[in-house]
Amino acid sequence: QLPREGRDLPLLPRLRALGPGLAMSSATGTVTVQQPLNYRAGARVQPTDGGQLEEVFEPATGRVLCKVPCSGEKEVDLAVQSAKAAFKIWSQMSGMERCRVMLEAARIIREQRDEIATMETINNGKSIFEARVDIDISWQCLEYYAGLAGSLAGEHIQLPGGSFGYTRREPLGVCVGIGAWNYPFQIACWKSGPALACGNAMVFKPSPFTPISVVRLAEIFTEAGVPKGLFNVVQGGAATGQLLCQHPDVAKISFTGSVPTGMKIMEMAAKGIKPVTLELGGKSPLIIFSDADLENAVKGALMANFLTQGEVCCNGTRVFVERKILDTFTKEVVKRTQKIKIGDPLLEDTRMGALINRPHLNRVQGFIKQAKEQGAEVLCGGDLYVPDDPKLKNGYYMRPCVLGNCKDDMTCVKEEIFGPVMAILPFDTEEEVLERANATKFGLAGGVFTRDIQKAHRVVAALKAGMCFINNYNVSPVELPFGGYKFSGFGRENGRAAIEYYSQLKTVCVEMGDVESVF
Ligand SMILES: NC(=O)c1ccc[n+]([C@@H]2O[C@H](COP(=O)([O-])OP(=O)(O)OC[C@H]3O[C@@H](n4cnc5c(N)ncnc54)[C@H](O)[C@@H]3O)[C@@H](O)[C@H]2O)c1
Ligand SMILES: C[N+](C)(C)CCCC=O
């Protein structure tokens, strides 16, 4: 374990300290994590009151990477106090000063992209190919908000008699970020980017399944020059998350996770009148019209379903296909799905790694079993996959699955599976498909493939979803706001819109004449 602050160590020893060879040469099945994974006041620390130990797995092998103590009340309070102290300094800096520090953080992430991606792959199980993209999106996010930091401004409003008013966009204070396990590093950047740009401090709690990479982000912020304590990490599960949400000095909660947990977060936030951002689950529709470019539509359907082993909130898992092209489209989708290379996620040519853990893999398998019982036809995949490499035999792999003969009332069509399972549903008319696409409690995303430009815009305008794609799916430029309708949550991440959710507006009314009193 490293008692010293991360920033005092040169790069290579720091990477090695995470485990033998967690550098570019890391191989699946070789890493163990020894350093503390809490981060407070600019350094890795052991929690003062770390209770229950959570085992953290390497999904590719089923090995235990480390055991992480869950933070209790005292540690949570120390992290919040550390953030509070740093907030006093950071919130007084100009936007341009914050911009420079954040740009430096983005630069370091970019420079260390491969090492961070390796760490993410080892802990999450997604392919290294995808993890690198996640890290690219992460530094781009910090770069984007660094750029906005210097331009945050209020407005001046002229009033009668020379009086005037103006508005100031002010930070909220200590923001809490709570993350899911599918995009651990990226989620932390999507939250800390706008939060820090607006002048806030943050305490972040990653999922107990993926506690590792976000601590590296904390170190990078410190190296880049943020005040010590501006970005802290506490580890733990629901109990630690509750302590954070209920802490009286926390001004805002930004949550990414499931709908049931989102409801609990909102209840806790309501008791403290704290603003919340909720990035929740989905069961999004992808509509393929018969005039679509078939090649692009097929590629789009795979992008909409199989990134990160299907563990993606905005996945277009209900693929509505115009009946005229149902057979051609389905045949092609099945053919390409069967070709997806599954296996060791650190190998360059792997395109699907391992699911997050054994219980989740079993849950996904349960959905497939139920789909069959309800009359769906497994057109390909859905079974467990055991790689030839003996070190991977206890990993959490399955073959990506395409379901045919699906009906709207089947569980596999109604519920978020959060695994590599695509449901294909035929449709006949635009009106019908829109009705069916919107018949869900969720509203995170949606997509349409067509060559008819008017139809494309008409359809996305009618979709009740926060993030819509025309002729593509699951691309995520950081400039575009991302977030849900209905049970998929509210608030936005990315884009200028996120600034609204990490700042508050103060209005100042200035009298230039005498007071005209009514008394
Ligand atoms: N909309 C988005 O941007 C987005 C992105 C990624 C994942 N998700 C959703 O996340 C879900 C999968 O993630 P998950 O399984 O980690 O979700 P989850 O709700 O189980 O956990 C999310 C986080 O909340 C914490 N938590 C759990 N109970 C809590 C409580 N009572 N109080 C405070 N914190 C608590 C967990 O420890 C974890 O850090 C899926 O539904 C997926 O769609 C949404
Ligand atoms: C980067 N993606 C693919 C748009 C995923 C965003 C986060 C959702 O789980």
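Residues numbered from 1 in each chain as written. Chains lettered and ligands numbered in written order. Predicted model: local features only at pLDDT ≥ 70, side-chain atom pairs only at ≥ 80, totals over all residues. Heavy atoms only, no water.

**Q** Would you mind going over the site of ligand 2 with me for this structure?
**A** Close contacts around ligand 2 come from Asn-182, Tyr-183, Gln-186, Trp-190, Val-312, Cys-313, Cys-314, Asn-474 and Ser-476, and that covers them all. Asn-182 has a polar side-chain atom sitting 2.9 Å from an oxygen atom of ligand 2. Tallied by class, residues from the shell around ligand 2 come to 5 nonpolar, 4 polar and no charged. (Near = heavy atom within 4 Å. Polar contact = N/O pair within 3.5 Å; in protein donor to acceptor, adjacent residues only side chain to side chain. Nonpolar A, V, L, I, M, F, W, Y, C, P; charged D, E, K, R; others polar.)

**Q** Quick question: what am I supposed to make of unusual backbone geometry here?
**A** Trans is the prevailing form of peptide bonds, just as negative phi is the prevailing case for residues other than glycine. For Phe-418, which is not glycine, the phi dihedral falls at a positive 60°. Structurally, the position occupied by Phe-418 is in the loop between α13 (411–414) and β16 (421–427). We classify Phe-418 as buried; its relative accessible area is 16%. The phi angle at Asn-474 is positive, at roughly 65°, despite the residue not being glycine. Take Asn-474: it is sitting in the loop between β19 (467–470) and β20 (485–486). (Helix = DSSP H or I, 4+ residues; strand = E, 2+ residues; numbered from the N terminus. Buried < 20%, exposed > 50% of the residue type's maximum accessible area, 1.4 Å probe, protein only.)

**Q** Honestly, the UniProt feature "active site" (unreviewed entry) in the protein in this entry has me stumped. Any pointers?
**A** Mapped onto the present numbering, the UniProt feature "active site" (unreviewed entry) falls at Glu-279. Of note, Glu-279 is situated in strand β11 (residues 276–279). (UniProt positions renumbered as here; feature names shortened; annotations may be inferred.)

**Q** Just to check I follow, could you spell out the pattern of salt bridges for this structure?
**A** Between side chains of opposite charge, a pair can form as their charged atoms come close. Taken as a whole, this structure holds 34 salt bridges when the rule is applied. Glu-104 is the salt-bridge partner of Arg-107, the closest N and O atoms lying 2.8 Å from each other. Placement of the pair is Arg-107 and Glu-104 together in helix α3 (residues 95–111), with a separation of 3 residues, close to one helical turn. According to the relative accessible area criterion, Arg-107 is partly exposed, its value standing at 39%. A single network of salt bridges, built from pairs that share partners, joins Arg-113, Asp-114, Arg-132, Asp-136 and Glu-348. (Salt bridge = Lys/Arg side-chain N within 4 Å of Asp/Glu carboxyl O.)

**Q** How should helix α12 (residues 358–373) be read in this particular structure?
**A** What sets the pattern is the α-helix's 3.6 residues per turn: residues three or four places apart point alike. Spanning 16 residues, α12 covers 23 Å between terminal C-alpha atoms, matching the ideal 22 Å at 1.5 Å per step. Those residues of α12 that sit buried are His-360, Leu-361, Val-364, Phe-367, Ile-368 and Ala-371. Within α12, the buried residues cover an arc of 115° as seen down the axis, which keeps them to one side. Opposite the packed face of α12, turned more than 90 degrees from it, sit the exposed residues Pro-359, Lys-369 and Glu-373. Contact partners of the buried residues in α12: β14 (377–380), β15 (401–404), α13 and β16. Among the residues of α12, the N-terminal cap falls to Asn-357, whose side-chain oxygen and the backbone nitrogen of His-360 are separated by 2.9 Å. Phi for Gly-375, located one or two positions after α12, is positive at around 110°. (Expected span 1.5 Å × (residues − 1). Arc of directions from axis to C-beta. Contact = heavy atoms within 4.5 Å.)

**Q** Got a minute to help me understand the packing of aromatic side chains in this structure?
**A** Any pair of aromatic rings gets described here by the distance separating the centres and the angle formed by the planes. By the definition in use, this model includes 8 aromatic pairs. Ring plane angle 55° and centroid distance 5.2 Å describe the contact between Phe-221 and Phe-231, whose orientation is recorded as tilted. Of this pair, Phe-221 sits in helix α7 (residues 213–224) while Phe-231 sits in strand β9 (residues 231–233), and the two are 10 residues apart along the sequence. The class for Phe-231 is buried, based on a relative accessible area of 2%. Ring centres of Phe-289 and Phe-427 lie 5.3 Å apart, and the angle between their planes is 85°; this geometry places the pair in the edge-to-face category. Residue Phe-289 is found in the loop between β12 (285–288) and α10 (294–306), and its partner Phe-427 is found in strand β16; the two are separated by 138 residues along the sequence. Under the relative-accessibility criterion, Phe-427 is labelled buried at 0%. Through a chain of ring-to-ring contacts, three or more aromatic side chains come together here, namely Phe-204, Phe-221 and Phe-231. Lying over the aromatic face of Phe-129, Arg-351 brings its terminal NZ or CZ to 3.8 Å of the ring centre. (Phe/Tyr/Trp six-rings, centres within 6.5 Å; stacked < 30°, edge-to-face > 60°. Lys NZ or Arg CZ within 6 Å of the ring centre and 35° of its normal.)

**Q** Please explain the layout of surface pockets as it appears in this structure.
**A** If a probe the size of a water molecule is rolled over the atoms, the empty space left behind becomes visible. Of the pockets and cavities examined, the largest pocket occupies roughly 950 Å³. Along the wall of the largest pocket there are 39 residues; nearest its centre are Trp-181, Phe-255, Gly-257, Ser-258 and Thr-261. The set of elements that each furnish at least two residues to the lining of the largest pocket consists of α8 (238–246), β10 (250–256), α9 (259–271) and α12. No other element matches the 6 residues that α9 contributes to the lining of the largest pocket. By residue class, the composition of the lining of the largest pocket is 19 nonpolar, 13 polar and 7 charged. Lining the second largest pocket are 30 residues, and of these Glu-130, Tyr-183, Met-303, Leu-307 and Asn-474 lie nearest its centre. Elements with a minimum of two residues in the lining of the second largest pocket: α5 (128–149), α6 (184–197) and α10. Ranked by residues supplied to the lining of the second largest pocket, first place goes to α5 with 5 residues. Grouping the constituent residues of the lining of the second largest pocket by class yields 18 nonpolar, 6 polar and 6 charged. (1 Å grid on protein atoms, 1.4 Å probe; cavity = no way out; pocket = protein on both sides within 12 Å on 5 of 7 lines; lining within 4 Å. Points joined across faces, edges and corners; volume = space filled by probe spheres on them.)

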